[in-house]
Amino acid sequence: MPARRPTKRAKASKGPEQTSASTGNGSAPKETPTPALMIIPLDGDQLGQEIKFYLAHLHEWRDHEGKHVLIKGQEHVGFYRTEEAALEEGFRRFGRVPFLVKQILLDEQPRPLVWTVL
Amino acid sequence: MPRVQSKIGHDGAIVTVRVEIGETEEAALRAAGRPIPIPFPTTALIDTGASHTAVHPMILTHLGVAQTGTALVSVPGQDQVSLPLYRVRISLGARLPPFAVRATRIIPATHTVAVLIGRDILADATLLFDGENQAISLWF
């Protein structure tokens, strides 16, 4: 019988919502790294526009690294401390339609795709 | 310690699961007084090679889950691609609370399974693959 280990269960903690919910971009960046990324939306990806917007503005959001940004179309709704808070706001504003909630990571490394995605 | 037991079938380590919408999405539906989609029972393959849990598009469509995320992935011979992610919960038995995951959508190579259980769920599990007895056990 395997030894007991602490389990990290699904129920994500609901932290306090980050206050900013405006379309401000935060402080101006001191430098502008250009991650020459060419993102190709896979078939069925309904958030191609949002991910392009995210990547285009990522360098401006240095001060918000680690927080979760809510984006719909070309609109940046706000930054949130937790993913759940961003999702709550997204469903409240937009309903059950595609919108992007993504943690701001300045140095996000792509993962290898290991399965066939249709 | 909750334990899930199942058999090793023709396609590998198969377990019965239920797929349901994410907790936040369900709360939004409740707040709006709208009906909650009934969890979708199906079969899943334990896939230790998959970083993300993956769900058949038919199930995502049935539940009406909205795409709310992407993951950047690299594909050999191509630039980076954005992989659609969907917040859902996967239940692996009555004694375990559901796992909230950011699942991607795929059509598995075999018709007998509609979900691939990836390492996001297996991260806290101990898996015993008993090939001699054609059985698996998962402890969480």
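Residues numbered from 1 in each chain as written. Chains lettered and ligands numbered in written order. Predicted model: local features only at pLDDT ≥ 70, side-chain atom pairs only at ≥ 80, totals over all residues. Heavy atoms only, no water.

Novice: Even after reading the chapter, I still don't get the overall build of chain A, so can you show me in this structure?
Specialist: Counting secondary structure elements, chain A contains two helices and five strands. When the 118 residues of chain A are sorted by exposure, 40% land in the buried category. Restricting the contact set of chain A to residue pairs at least 6 apart, pairs at least 24 apart contribute 62%. Total accessible area computed for chain A in this model is approximately 6800 Å², and 52% of it derives from carbon and sulfur atoms. (Helix = DSSP H or I, 4+ residues; strand = E, 2+ residues; numbered from the N terminus. Buried < 20%, exposed > 50% of the residue type's maximum accessible area, 1.4 Å probe, protein only. Contact = heavy atoms within 4.5 Å. Areas by Shrake-Rupley, 256 points an atom, 1.4 Å probe, with all protein chains shown as cover.)

Novice: Help me out: how do you make sense of the sheet that holds strand β2 (residues 68-72) of chain A in this one?
Specialist: Within a sheet, adjacent strands bond to each other through the backbone by hydrogen bonds, running parallel or antiparallel. All names here are of chain A. Pairing within the open sheet is antiparallel, and its three strands lie in the order β3-β2-β4. Every interior strand has two partners, whereas the edge strands, β3 (75-80) and β4 (100-103), have only one. Here the average twist between neighbouring strands, direction ignored, is 25 degrees. Here β2 runs beside β4; their pairing, made up of four bridges, is antiparallel. Residue pairing across strands places Leu70 opposite Val101, the latter belonging to β4. (Pairing = 2+ DSSP bridges. Axes fitted to C-alpha atoms, helices over the stretch in contact; angles between N-to-C directions.)

Novice: Teacher, can you tell me more about the confidence of the model for chain B here?
Specialist: Close reading of the predicted structure is inappropriate where its pLDDT is low. Of the residues in chain B, 97% have a pLDDT of 70 or more, and the chain-wide mean is 90. For this predicted complex, the interface confidence reaches an ipTM of 0.80, while the overall pTM sits at 0.76. (pLDDT = per-residue confidence, 0-100.)

Novice: Honestly, the nonpolar core in this entry has me stumped. Any pointers?
Specialist: Generally speaking, soluble globular proteins have nonpolar side chains that are buried together. Counting 33 residues, the largest nonpolar core has Val88(B), Ile90(B), Leu92(B), Val115(B), Ile117(B) and Phe140(B) as the members making the most contacts within it. With five residues, strand β2 (residues 12-21) of chain B is the largest single contributor of residues to this core. Judged by nonpolar contacts, the second largest core, of twelve residues, contains Tyr54(A), Leu55(A), Val69(A) and Phe79(A). (Core = buried A, V, L, I, M, F, W, Y, C linked by side-chain atoms within 4.5 Å.)

Novice: Help me understand the packing of helix α2 (residues 83-94) of chain A against helix α1 (residues 23-31) of chain B, please; the structure alone is not making it clear to me.
Specialist: Each pair of packed helices can be described by the angle between their axes along with the distance between the axes. Two elements in contact, α2(A) and α1(B), have axes separated by 9 Å at closest approach and are oriented at 35 degrees. Handedness of the α2(A)/α1(B) crossing: right-handed. Between α2(A) and α1(B), the residues in contact are Glu84(A), Leu87(A), Glu88(A) and Phe91(A) and Thr24(B), Glu25(B) and Ala28(B), respectively. Residue classes in the contact of α2(A) with α1(B) are distributed as three nonpolar, one polar and three charged. (Left-handed = near helix turned anticlockwise from the far one by under 90°. Nonpolar A, V, L, I, M, F, W, Y, C, P; charged D, E, K, R; others polar.)

Novice: Explanation requested: the pairing of β3(A) in the structure shown.
Specialist: The two faces of a sheet get side chains in turn, since along a regular strand they alternate between them. Residues and elements named next belong to chain A. Within β3, five of the six residues are buried, which leaves it mostly tucked inside the rest of the structure. For β2 and β3, the ladder comprises five bridges, and the chain directions are antiparallel. Along β3, the bridge assignment pairs Lys72 with Glu75.

Novice: Mind showing me how you'd approach the pairing of strand β9 (residues 126-130) of chain B here?
Specialist: One ladder, built from five bridges, connects β9(B) with strand β10 (residues 135-139) of chain B; its direction is antiparallel. Paired with Leu127(B) across the bridge in β10(B) is Leu138(B).

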